[in-house]
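Chain residues, written in single-letter form:
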Amino acid sequence: MEIGAKIYIAGHRGMVGSAIHRKLVKEGYTNFITRTSDTLDLRNQQQVADFFDQEKPDYVFLAAAKVGGIVANNTYRAEFLYDNLQIQNNVIHNSYLNEIKKLMFLGSSCIYPKLAPQPLKEEYLLTGLLEPTNEPYAIAKIAGIKMCDAYRAQYGCNFISVMPTNLYGYNDNYHPQNSHVLPALIRRFHEAKEHSLPEVTIWGTGSPKREFLFADDLASACYYLMQNYNEEGLVNIGTGEDISIKDLALLIKGIVGYNGQIQFDTTKPDGTPRKLMDVSKLQSKGWKHTVELEEGIKMAYQDFLNKQKNSSV
C-alpha cells in the first residue's frame, strides 16, 4: 500500500477496526476514510453505492460486522445472518464496481466445522456441520470468503480473506449479554470483586479450549498480509496456542484480584469443544504474534478500568 493511498476502514470504531487504524497510523498512513453507522448504514445498498462513488478509496479493510458471543448469536439468528450478508455484499460489490486496488475481508474462526480436526487448517472449510449456536454468523462469513474468491476468479479483483481466532484487547465490548467470553469474564470478575460476591458462575463445564489473539497483533498481521499476500482462499490468523475456559477464568481471576470461588453451570452449553487455528500458512509468510495471553489480559483489564472511569461500560 502506497503511503499516500486512500484507505477505507469499515468498522473503524470497533476493536478490530480501531486496532488496524492504530497500526496504519504508526506506519505513517494518514489518508483515511471513516464513517460511523449513523451516517453510513452498510446494510443499505444505495448508501454504500453513493459512498464508494463519492470517495473512491484505494484500499478497503472490511472489519464491520454484527458480532457477539454465544447468547447473542443464538438469540438474534436472523439479524446475524441478514446484517452480515448485507454489509459484506454491499462493500465487496462496490469495491469491485469502483476498481479498488485491494480489499481485505475479515472473517471468524467459527466458519470451521464444529468437529473438524484440530488444529484447524484452512482447507477444512465446508467439510462438516457447523456449531448450531453461531451457524447464521458462520454462514454469512463463509459467503464473504467465497464472494471474495468469486470476484477474484470472474473479475480479477485482488480481494483476500483472513480468519482471525478469538480476539480481545483495547476497545473491546464488555456488554453483559452480548460480549465474548474473555471480556465477559473480565467484567464479571471485576464486578464480583467490587461487590464482594462469594462466587462467579460460568456457563458450561470449563473444559472447552479456546485460542486468543490480542487485537493489535491481528492488526499487525492484517497490515503484513495487505503488503505481502495476493492469493485466493483464506489465511488463519492466531497464536497456534489455546487454553481451557477453566484455566482462562483462573488467569483472569488472578489478574483482576478476585478472591471468591468459581462455579460452573453444567446445564448451559459449552459450544464447540475446541477451536485452535493452524497458523503454519501465516507463519510461513513470515509473521508471528508478539503479545502473550497474560500480558494481553493485563492490558485489556487496564483498558476496561479506563473505560469504567471515563463512562459507563
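**A look at the pattern of salt bridges**
Link 1 in the chain: Enumeration over the complete set of coordinates arrives at 17 salt bridges.
Link 2 in the chain: Across the pair Asp216 and Arg22 runs a salt bridge whose closest N-O atoms are separated by 2.8 Å. Taken together, the residues Asp216 in helix H7 (residues 215-228) and Arg22 in helix H1 (residues 15-26) connect sequence positions 194 residues apart.
Link 3 in the chain: A residue is classified by how much of its surface remains accessible, and Arg22, at 32% relative accessible area, is partly exposed.
Link 4 in the chain: Close ionic contact of Asp278 with Lys121 constitutes a salt bridge, the shortest N to O distance being 2.9 Å. Of this pair, Asp278 sits in the loop between strand S13 (274-275) and helix H9 (280-285) while Lys121 sits in the loop between strand S4 (102-106) and helix H5 (135-155), placing them 157 residues apart in sequence.
Link 5 in the chain: Judged by relative accessible area, which is 9%, Asp278 ranks as buried.
Link 6 in the chain: What you see here is one network of salt bridges that share partners, running through Lys6, Arg35 and Glu55.

**Things to note about the packing of aromatic side chains**
Link 1 in the chain: In this structure the tally under the stated criterion is 14 aromatic pairs.
Link 2 in the chain: Here Tyr8 and Phe52 contribute two aromatic rings whose centre-to-centre distance is 6.0 Å and whose plane-to-plane angle is 90°, an arrangement assigned as edge-to-face. Of the two residues, Tyr8 is situated in strand S1 (residues 7-10) and Phe52 in helix H2 (residues 45-55); the sequence distance between them amounts to 44 residues. Considered together, Tyr8 and Phe52 belong to a single accessibility category, that of buried residues.
Link 3 in the chain: Taken together, Tyr96, Tyr151, Tyr155 and Phe159 form an aromatic cluster joined through their ring pairs.
Link 4 in the chain: Directly above the aromatic system of Tyr76 lies the positively charged group of Lys66, at a separation of 5.9 Å from the ring centroid.
Link 5 in the chain: Above the face of the Phe80 ring, Lys66 is positioned so that its terminal group lies 5.5 Å from the ring centre.

**Notes on the nonpolar core**
Link 1 in the chain: Tyr8, Leu42, Ile92 and Leu103 are the most contacted members of the largest nonpolar core, which totals 40 residues.
Link 2 in the chain: Elements represented by at least two residues in this core include exactly S1, H2, strand S3 (59-62), helix H4 (77-97), S4, H5 and strand S5 (159-164).
Link 3 in the chain: The leading source of residues in this core is H5, at seven residues.
Link 4 in the chain: Not counting residues within four places of it along the chain, the set of residues in contact with Leu42 comprises Tyr8, Ala10, Val48, Ala64, Gln86, Ile87, Asn90 and Val91.
Link 5 in the chain: Among the nonpolar cores identified, the runner-up in size contains 33 residues, and Ile7, Ile9, Ala219 and Ala221 belong to it.

**Some thoughts on the environment of Val71**
Link 1 in the chain: Along the polypeptide, Val71 turns up in helix H3 (residues 70-75).
Link 2 in the chain: Look at Val71 and you get partly exposed, because its relative accessible area is 32%.
Link 3 in the chain: Along the backbone, Val71 and Leu197 are 126 residues apart, and their C-alpha atoms lie at a distance of 23 Å.

What counts and what doesn't
Counting from 1, residues in each chain are numbered in the order their sequence is written. Where totals are concerned, whole chains, interfaces and linings use all residues; where local detail is concerned, this predicted model gives features only for residues with pLDDT of at least 70, and gives and counts side-chain atom pairs only at 80 or more. Excluded from the side-chain calculations are hydrogens and water; all other atoms, namely the structure's heavy atoms, are used. Each reported salt bridge corresponds to a side-chain nitrogen of Lys or Arg within 4 Å of a carboxyl oxygen of Asp or Glu. Elements are defined by DSSP. Helices are runs of H or I of four residues or more, strands are runs of E of two residues or more, and each kind is numbered from the N terminus. Exposure classes here rest on a 1.4 Å probe applied to the protein chains alone. A residue is buried below 20% of its type maximum, exposed above 50%, and partly exposed in between. When two rings of Phe, Tyr or Trp (its six-membered ring) have centres within 6.5 Å they constitute a pair, described as stacked for plane angles under 30 degrees, edge-to-face for angles over 60, and tilted for the intermediate range. Charge over a ring is defined by NZ of Lys or CZ of Arg lying within 6 Å of the ring centre and within 35 degrees of the ring normal. By convention a nonpolar core is built from buried Ala, Val, Leu, Ile, Met, Phe, Trp, Tyr and Cys residues, the set being connected through side-chain atoms within 4.5 Å. Residue contacts follow a heavy-atom distance rule, with two residues in contact if any of their heavy atoms lie within 4.5 Å.

So far we have only geometry, and geometry alone does not tell us how the molecule works.
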